[in-house]
Amino acid sequence: MNSHSADIEAMSVVRKRWAFHLGALGIVVAAILLLFQYEVVSAVTVWWIYPAYSHGFLIIPISAWLVWEKRRELKNMFPAVAPKALLALVPLIFFWLIGFFATINEARQFALIGFIIVAIFVMLGPKVFRVVAFPSFFLLFLVPFGQYFIPPMQQITTWFTDIGLNLLAVPHYTEGTIIDLPNGRFEIAEACAGLRFLIATLALGALFVHLVYTKWWKVGAFLAACVVIPIIANGFRCIGIMALAYWTNDFTTVAENHITAGHVFNSLILVLMFIAGLKFRDVQAAHEQPVLTGAGTDRRNRIAAVAAATVVLIASGPAFAYWREHEPLDARFAKIAFPAVRAGWNVVRSSELWHPNYPRADQELRASLVRGSDSAPPVDVAIEYYARIRTEASMVSSTNHLWQGAVWHPLNAGVVHANLGSQPVQFGEDVISSVTEKRLVWSAYWMEGRFTTNPVLIKLLELKTAFFGHRRAAVIAFSTPIDGAVEDARARLKTAVAALGELPKRLDPSIPEGPSLSSAE
């Protein structure tokens, strides 16, 4: 047999080997997508609804193109299974369970992409994976992450804009994220926080450094610029829009066109960044084509066994979660009654002017407290009770709000201390405003016998209960109008909170519940 015939036979073996490995990988990936269809659907929904994440539709085509560009290198390589890499699934399964029980969609989606990346490594082997590593990890940009950064980015943008308008001598008044000019009002809303520009710049920047740089310090410097420059540029964008509205005295026209102008400005910044980055590009070394040797040692039954083991191991996470989620609930703790109040206070129907929105709470108790014949405004009380923390019933969730966002917007936030009966409690304090009035809102979480304002601690406690047993939990909130000085409203809330000294007993499952108050139910 001459060398040419040997090469043809070897290439035929390679194609067959690739076909079987890729077929097995396709089955594993399909099983993963089926097991975690909630994560897939929720991610695609976010891409479709929120423009900040619409780039997600481009990530898979870009990754596929990057792999296609490596086809000449890959065709001379034999894939091989790497079953030892299955150990990497263990921390990923635990990470997914954390996201599942703590209702952190981003964690669940990152774990899903991690499962796919590990599956690629396991089913194709380390040599092949080194070639497709970047396209594989680039899939992480499919996850719509960053929502938690919006509030601080709003604050940063507001602060930056306030300073810029001061330097430009543009008269204005800033309250919360609202900036009033003499001829109009602007709000640094969520869409103005700059998250869309930041996320898109990071995704494009990662692709850019992969194609242009080889030195790690250039990669790090450019990616750092992809974080810093969009934040600063967004601040200048807001300053320019507001200053232009003031100088031209044409608030309506500027406000109507500020989105289009923002897109043009952001696109210009991106182009300038990439032009500057190209000035420092590295010369890409030519890769030598590997010499095709051997015919591989993986038998088909071994490949099938590794694929099956991968699916079974990954499925253990959802199986454990399903078992925990469907444990029977103790009927004794399914509901609570509104706590009794101290003498001199009356419990009446809630005013309905303000109320939290916790759609997944198992029970909601709302009432207003008035003090005898006192003519002071009432104190509204809301208790969002969770008989058991579970996936779609978490106290800390993007769907939970202490006020109706369409009616109220926040002005200030802080913490205060007050006695709930004789128990000292720290509350989060928010000043909110609507068209008709301002309100003071106090709130705290309750779980495992303690009150806290720390959402991170609550997430950790929710995670603990998921693994070691379910517990009851609640969000308590008090609100009263600010009809004078803030201190007057604060004093009114302190006295109302002190009157609800029985609330901890109502919440604590170890203490028998007292008689319910029909006027509060």
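Summary of the structure given here. Keep in mind that what you see is a predicted model, and the values were worked out from it rather than measured.

1. So, the overall build of the protein chain
- Within the protein chain, the secondary structure is distributed over 15 helices and 11 strands.
- For the protein chain, the exposed surface amounts to about 26300 Å²; the carbon and sulfur share of it is 64%.

2. Some details on the sheet that holds strand S1 (residues 173-175)
- The 3 strands lie next to each other as S1-S2-S3, forming an open sheet whose pairing is antiparallel. Here the strands that pair on one side only, and so sit at the sheet edges, are S1 and strand S3 (184-187). On average, each strand axis in the sheet is inclined to that of its neighbour by 20 degrees, with strand direction left out of account.
- Judged from the 3 bridges that link them, S1 and strand S2 (residues 178-181) form a sheet pairing that is antiparallel. In the sheet register, Thr174 faces S2, and the bridge partner there is Ile179.

3. What to know about the packing of aromatic side chains
- Inspection of the entire model under this criterion finds 21 aromatic pairs.
- On the numbers, 5.2 Å between centres and 85 degrees between planes, the contact of Phe100 with Phe101 is edge-to-face.
- According to the relative accessible area criterion, Phe101 is buried, its value standing at 2%.
- For the ring pair Phe129 and Phe137, a centre distance of 6.0 Å and an interplane angle of 75 degrees mean the geometry is edge-to-face.
- Of the aromatic side chains, those joined through ring pairs into one cluster are Phe36, Trp96, Phe100, Phe101, Phe115, Phe320 and Trp323.

4. A short note on the pairing of strand S9 (residues 438-447)
- Counting buried positions over the 10 residues of S9 gives 9, a clear majority of the element.
- Sheet topology note: the strand S8 (residues 423-433)/S9 ladder contains 6 bridges and is antiparallel. When the bridges of S9 are listed, Ile432 appears paired with Arg439.
- Connecting S8 to the next strand, S9, in antiparallel fashion are 4 residues.
- Across 9 bridges, the pairing between S9 and strand S11 (residues 473-481) is antiparallel.

5. Some remarks on helix H7 (residues 126-138)
- An ideal rise of 1.5 Å per residue puts 18 Å on 13 residues; H7 measures up with 17 Å between its terminal C-alpha atoms.
- Within the span of H7, buried status applies to Val128, Phe129, Val131, Val132, Ala133, Pro135, Ser136 and Phe138.

6. Digging into unusual backbone geometry
- Although it is not a glycine, Ala169 sits at a positive phi angle of roughly 60 degrees.
- Inspection of the secondary structure assignment puts Ala169 in the loop between helix H8 (150-167) and S1.
- Ala169 gets classed as exposed once you look at its relative accessible area, which sits at 60%.
- A positive phi angle, close to 50 degrees, is found at Glu448, a residue other than glycine.

7. A few points about the environment of Val312
- In this fold, Val312 is placed in helix H12 (residues 300-325).
- Sequence separation between Val312 and Val28 is 284 residues; the distance between their C-alpha atoms is 10.0 Å.

8. Considering helix H5 (residues 89-101)
- If you check H5, its first and last C-alpha atoms are 18 Å apart, about what 13 residues at 1.5 Å a residue would give, namely 18 Å.
- Of the residues making up H5, those classed as buried are Leu89, Leu92, Ile93, Trp96, Leu97, Gly99, Phe100 and Phe101.
- Lining the buried residues of H5 we find helix H2 (37-49), helix H6 (105-124), H12 and helix H13 (455-468).
- Backbone geometry just downstream of H5 places Thr103 in the positive-phi region, at approximately 50 degrees.

9. Here's the deal with the pairing of strand S7 (residues 409-420)
- As judged from the 11 bridges shared by S7 and S8, these two strands associate in the antiparallel manner. In the sheet register, Ala418 faces S8, and the bridge partner there is Val425.
- Between the end of S7 and the start of S8, which pair antiparallel, lie 2 residues, with Gly421 showing a positive phi angle near 70 degrees.

10. Observations regarding the pattern of salt bridges
- In the structure shown here, the tally under the stated rule is 12 salt bridges.
- With a shortest N-O distance of 2.7 Å, Arg185 and Asp180 are connected by a salt bridge.
- For Arg506, the salt bridge identified is with Glu502, shortest N-O distance 3.3 Å.
- On the basis of relative accessibility, which here comes to 1%, the residue Arg506 falls in the buried class.
- Salt bridges here are not isolated pairs; linked through shared partners, they connect Lys215, Lys218 and Asp282.

11. Regarding the packing of helix H3 (residues 56-68) against H7
- Packing of H3 against H7 brings their axes to within 9 Å, and their N-to-C directions diverge by 175 degrees. Judged by the angle between their axes, H3 and H7 are roughly antiparallel. Between H3 and H7, the contacting residues are Ile59, Ile62, Ser63, Leu66 and Val67 on the first element and Val132, Phe134, Pro135 and Phe138 on the second.
- For the contact of H3 with H7, the class distribution of residues is 8 nonpolar, 1 polar and no charged.

12. Comments concerning the nonpolar core
- Ile32, Phe115 and Met123 are the most contacted members of the largest nonpolar core, which has 80 residues in total.
- Looking at which element gives the most residues to this core, the answer is H6, with 12 residues.
- Discounting chain neighbours no more than four positions away, the residues touching Phe115 are Ile32, Phe36, Leu89, Leu92, Ile93, Trp96 and Ile314.

13. Overview of the side chain of Gln154
- Position of Gln154 relative to the elements: it lies in helix H8.
- For Gln154, a relative accessible area of 12% corresponds to the buried category.
- Setting aside residues up to four positions removed in sequence, Gln154 forms contacts with Thr177, Ile188, Ala189, Glu190 and Ala193.

Thresholds applied
- Each chain has its residues counted from 1, running along the sequence as written.
- For a predicted model such as this one, the threshold for reporting local features is a pLDDT of at least 70, and the threshold for listing and counting side-chain atom pairs is 80 or more; totals across whole chains, interfaces and linings nevertheless cover every residue.
- By convention in this description, side-chain values take in all heavy atoms of the structure and omit both hydrogens and water.
- Per the convention used, a helix needs a DSSP run of H or I reaching at least four residues, while a strand needs a run of E reaching at least two, with both numbered from the N terminus.
- Every accessible area reported is derived by Shrake-Rupley at a probe size of 1.4 Å, with residue values counting cover from the shown protein chains alone.
- Criterion used throughout: strands pair if DSSP finds at least two bridges between them.
- Fitting a line to C-alpha atoms yields each axis, with helices limited to the stretch in contact; the angle taken between N-to-C directions then spans 0 to 180 degrees.
- Here a pair means two rings of Phe, Tyr or Trp (six-membered ring of Trp) with centres within 6.5 Å. Their orientation is stacked below 30 degrees between planes, edge-to-face above 60, and tilted elsewhere.
- Residue burial is assigned from relative accessible area. The probe radius is 1.4 Å, only protein chains are included, and a residue is buried under 20% of its type maximum, exposed over 50%, and partly exposed in between.
- To estimate how far a helix should extend, the number of its residues minus one is multiplied by 1.5 Å.
- Contacts are assigned to residue pairs that have any heavy atoms within 4.5 Å of one another.
- In the sections that follow, a salt bridge refers to a side-chain nitrogen of Lys or Arg positioned within 4 Å of a carboxyl oxygen of Asp or Glu.
- Just so you know how the angles are binned, under 35 degrees is roughly parallel, over 145 roughly antiparallel, 65 to 115 roughly perpendicular, and the rest oblique.
- Nonpolar residues are Ala, Val, Leu, Ile, Met, Phe, Trp, Tyr, Cys and Pro. Charged residues are Asp, Glu, Lys and Arg, and all others, Gly as well, are polar.
- Throughout, nonpolar core names a set of buried Ala, Val, Leu, Ile, Met, Phe, Trp, Tyr and Cys residues whose side chains join them through atoms within 4.5 Å.

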